[in-house]
Amino acid sequence: MEQKEIELLKLLEKNGRLDNDTISKMLDITPVEVEEMIKKLEQEHAILGYSALVDWSSVYEYEGVAALIDVKVTPVRGVGFDKIASRIYRFPEVKAVYLMSGSYDLSVSVEGKTMMEVSRFVSEKLSTLDTVLSTTTHFILKKYKHDGIIFDEGDDDDKRIMVTP
Amino acid sequence: MSKSYLAEHVKGLQPSGIRKFFDLASKMDNVISLGVGEPDFVTPWNVIEASYHSLEQGYTAYTANAGLLELREEISKYLEETFSVSYNPEDQILVTVGASQAIDVALRTIVNRGDEVIVVEPCFVSYGPAIELAGGVPVSVSATAENEFKVTPQQIESAITPKTKAIVICSPNNPTGAVLSKEELTAIATVVEKHDLVVLSDEIYAELAYDGPATSFASIEGMKEHTIVLSGFSKSFAMTGWRLGFATGPTEIMQAMTKIHQYTIMCAPTMAQHGALEALRNGNDSVREMKTSYQQRRNFVVKALNEMGLSCHLPGGAFYVFPSIKATGYSSEEFAQKLLEEERVAVVPGHVFGESGEGYIRCSYATSIKQLDEAMKRISRFVKQNSKV
C-alpha cells in the first residue's frame, strides 16, 4: 500500500469527518485523488465504515450496560474457532468478538439496556451453544478511554501562552 | 526623575517585538494563535511518567554539573546515530536549561569584548541580545526570500571584518522554516575555515526536517573543531516547559562552558533530565508521529496561504511558514495588528526577526488542523477585504 494511503487511513481513523478538501491539502494531492483513494480503500475493505464515538453516559435519560465476556469453547475440526465465532458475532447485542491467546478463547463484548438483559443473553443464548464450555461475565463500570479517545477529559485547553518566540 | 540603577548595556537592550503581540492578543477573546513557537502536543506520556518515577524514587538532588552522565551518554549515542557526529560524553557534552541557556553560555565562553558575531536574519529573537550581553557586537546578514531565506557564503564573507569571531546559524530555521542542505553548509564551511570562525549551530529543529534528515554543521568535514552544536528536547519531544537542552563541541570550549554553567546554574533540573533520558531511549515513535502530523499541517497551510494570494514557499523544516504579505500593501506590523483586531488571529510580524523579515509574517502550524482550518478561513477573508491589488 502506498504511503499516502496509509496516511489517509490514519487521518480518517482519527477523524472520519475530515473533509476531502482538507485531506487533499494535508497530503498534497488533489481532492479528486482523495475521493478515488477513499473509494478504492472502501472497495478493498480497508475502510469498513464510518461511525461516531458516543459517550452515552453523558446522554440524559440514556440507560445501558456493557459487558466483556470471556468464553471458553471447543474448537471444531476443520473450521477451528471461526465457526463458533460467527455463531456468536451474528447476535445484534454482540458488539465485538476477538480470538484471544491465554486462558480463554473468545472475548465477547455485549451491550444491553439492563444487567438483566445482558445476563439473559449470556445464560440463554451464549452458554447454551454446543461448543461453549464456560463463560465469565465482567460488567463495565466506567469507560475511561475507548479507541484512543479519552472520555470525560474536561481540561483539554491549550495551556500555551499566546505568542512565544 | 530619579537616577536609574540599570547597567548601561542593559538600558540599551531592545524589548522583544513579540512581547507587544503577546500583550495585545492575551487581552482578547476567541483568538486563534499562530504565534506560538512551541508544539501543541503535550509531552509523550512515557516521558512524564519517567519523570514522576524519578521523583518518587527520591531523585531530587543536584546532578553532576554537566548533567547526568547516563543522559550525556544517551545524547552522544543519539547524535552519532542521527547525525553521524561523535562526542565524548565525559567532556564534550553539557546538559543545559534549554537551548536558550546553551546559546547564552556558548557566547559568554567565546566572545571577547568588542568581538563581532554574525547573525543570519531573519532569526530567533534572542541571538542579538545574547551577543550584546556577552559583550559582543551582533552583525546582521540578511537571508532573503529570493534565495528561499538561505544565506549564501558570499553574504557571510562580505560581513567579515578582522573583529569577526563567530557566526550563529539556525537550520531548520525559526522563523522561516528554511533548511540548509549538506552542500549549502559545506559552502559555508569554506568561509568558516578561511577566516577561522567559531560556528554556533542552533539545531533545535533538526528532528523536524521533512525532506530527508537535516545535516548537522558539525558533520561537515573539518567543521567539528569549529562548531558548538546547540540543541535540546523542547521542539522534537514537545518538552518546552521542561527547559532542557544541551550543547556539544570541542573539549576546550565545552570545559570552559561547563565552568560557567557550574558557577551560574549548577546543573539542569534533575527531574527534567530523567524525563529526557526516557525521551531518548523510548521516544522515537512519538517523534515520528508528531513529525508526520506537522508535515501534513505544513502542506495544508502552505496550500491555503498560496490559494488566498499570500505567496509562501514550502519550508523544509521546523513548524513555521513565512508567507509574504506584500500583496496587501501593509507592513508586517500593520498586517499582524489589523488581522488580530479584525479577525482574531495572532501571527508574528516578520520584522521582529530582523529587517529582511519585513513584508512577511510568521505563522506557526503547531496547532490542530481544526484550528488551522478556521485560521486560514479568517485570514483569507481578511486578505480579500484588505487587498490593495
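This one's a predicted model, so the numbers in the text were calculated from it and none came from an experiment. (Residues numbered from 1 in each chain as written. Chains lettered and ligands numbered in written order. Predicted model: local features only at pLDDT ≥ 70, side-chain atom pairs only at ≥ 80, totals over all residues.)

## With respect to the overall build of chain A
Across its full length, chain A carries 5 helices and 6 strands. Starting at the N terminus and walking to the C terminus, you meet the elements of chain A as α-α-α-β-α-β-β-α-β-β-β. Its C-alpha atoms give chain A a radius of gyration of 21 Å, more than 25% over the compact-globule value 15 Å for 165 residues. In terms of overall dimensions, chain A has a C-alpha envelope of 65 × 40 × 30 Å along the principal axes. Expressed as a percentage of its 165 residues, the buried residues of chain A come to 16%. (Helix = DSSP H or I, 4+ residues; strand = E, 2+ residues; numbered from the N terminus. Rg over C-alpha atoms; globule rule 2.2 N^0.38 Å. Buried ≥ 20, exposed ≤ 12 C-beta atoms within 10 Å, placed from the backbone.)

## Digging into the confidence of the model for chain B
Should the pLDDT be low somewhere, the predicted coordinates at that spot are not to be read in detail. Summary statistics for chain B give a mean pLDDT of 96 and a share of 99% for residues scoring 70 or more. Here the predicted complex scores 0.90 on pTM and 0.79 on ipTM. (pLDDT = per-residue confidence, 0-100.)

## Let's talk about helix H3 (residues 45–56) of chain B
All names here are of chain B. For H3, which comprises 12 residues, the first-to-last C-alpha distance of 16 Å matches the rise-based estimate of 16 Å (1.5 Å per residue) to within 8%. Every buried residue belonging to H3 is among Val47, Ala50 and Ser51, and all of these are buried. Buried positions in H3, seen along its axis, are confined to an arc of 100 degrees and lie on one side of it. Every exposed residue of H3 that faces more than 90 degrees away from the buried side is listed here: Trp45 and Glu56. Packed against the buried residues of H3 are helix H10 (270–282). Gly58 occupies a position one or two residues after H3 and carries a positive phi of about 90 degrees. (Expected span 1.5 Å × (residues − 1). Arc of directions from axis to C-beta. Contact = placed C-beta atoms within 7 Å.)

## Describing the environment of Val111 of chain B
Residue and element names in this part refer to chain B. As for its placement among the helices and strands, Val111 is situated in the loop between helix H5 (98–110) and strand E3 (116–121). On the neighbour-count criterion, Val111 (22 C-beta atoms within 10 Å) is buried. Placed 55 residues apart in sequence, Val111 and Ala166 show a C-alpha to C-alpha distance of 8.1 Å. When neighbours within four sequence positions are excluded, Val111 is seen to be in contact with Val117, Ile131, Ala134, Gly135, Gly136 and Lys165.

## Things to note about the interface of chain A and chain B
Listed per partner, the contact involves 13 residues of chain A and 27 residues of chain B. Among the elements that line the side of chain A that touches chain B, the one with the most residues is helix H2 (residues 20–27) of chain A, at 4 residues. For the side of chain A that touches chain B, a count of residues per class yields 6 nonpolar, 2 polar and 5 charged. (Nonpolar A, V, L, I, M, F, W, Y, C, P; charged D, E, K, R; others polar.)

## A short note on the domain arrangement of chain B
One frequently used descriptor of interface size is the decrease in accessible area upon assembly of the parts. Residue and element names in this part refer to chain B. The assigned domain composition of chain B is domain 1 (8–43 + 285–384) and domain 2 (45–282). Counting from both sides, the interface comprises 34 residues of domain 1 and, opposite them, 37 residues of domain 2. Where the side of domain 1 that touches domain 2 is concerned, the elements lending two or more residues are helix H11 (284–307) and strand E9 (320–321). At 6 residues, H11 tops the list of elements feeding residues into the side of domain 1 that touches domain 2. For the side of domain 1 that touches domain 2, a count of residues per class yields 16 nonpolar, 13 polar and 5 charged. (Domains from an automatic or database assignment.)

## Description of the pairing of strand E7 (residues 227–232) of chain B
Each regular strand carries side chains that alternate between the two faces of the sheet. Residue and element names in this part refer to chain B. Most of E7 sits inside the fold, with 6 of its 6 residues counted as buried. Strand direction decides the pairing type here: strand E6 (residues 198–202) and E7, joined by 4 bridges, are parallel. Within E7, the residue paired with Ser201 across the bridge is Val229. The pairing of E7 with strand E8 (residues 245–248) spans 4 bridges and is antiparallel. Bridging from a neighbouring strand, Leu230 pairs with Ala247 of E8. (Pairing = 2+ DSSP bridges.)

## Points about helix H5 (residues 115–126) of chain A
Residue and element names in this part refer to chain A. Considered for burial, the residues of H5 that qualify are Val118, Phe121, Val122 and Leu126. All buried residues of H5 lie within an arc of 95 degrees about the axis, which places them on one face of the element. Of the exposed residues in H5, those oriented more than 90 degrees away from the buried face are Met116, Ser123 and Glu124.

## Quick notes on the sheet that holds strand E3 (residues 106–112) of chain A
All names here are of chain A. Sheet architecture is open: 4 strands sit in the order E2-E3-E1-E4, paired in antiparallel fashion. Looking at the sheet topology across the chains shown, the edges are occupied by strand E2 (94–99) and strand E4 (132–139). Strand-to-strand twist in this sheet, taken as the mean axis angle between neighbours without regard to direction, amounts to 20 degrees. Summarising the sheet, strand E1 (residues 65–73) and E4 pair through 7 bridges and their orientation is antiparallel. In the sheet register, Ile69 faces E4, and the bridge partner there is Thr137. Across the sheet, helix H4 (residues 82–89) is in contact with E1, E2 and E3; its angle to E2 comes to roughly 165 degrees. Together, E1, E3 and E4 form the strand contacts of H5, whose direction differs from that of E1 by roughly 20 degrees. (Axes fitted to C-alpha atoms, helices over the stretch in contact; angles between N-to-C directions.)

## Considerations on the pairing of strand E4 (residues 137–142) of chain B
In the sheet, E3 of chain B pairs with E4 of chain B via 6 bridges, with the strands oriented parallel. Directly across from Val120 of chain B, in E4 of chain B, lies its bridge partner Val141 of chain B.

## Describing the packing of H2 of chain A against helix H3 (residues 31–43) of chain A
Residues and elements named next belong to chain A. Following both chains from N to C, one finds H2 and H3 inclined at 105 degrees, their axes separated by 8 Å at the closest point. Of the possible angle classes, the one that applies to H2 and H3 is roughly perpendicular. Only Pro31, Glu33, Val34 and Glu35 of H3 make contact with H2, whose side of the interface consists of Asn20, Asp21, Ile23 and Ser24. Residue composition of the contact of H2 with H3, grouped by class: 3 nonpolar, 2 polar and 3 charged. (Parallel < 35°, antiparallel > 145°, perpendicular 65-115°, else oblique.)

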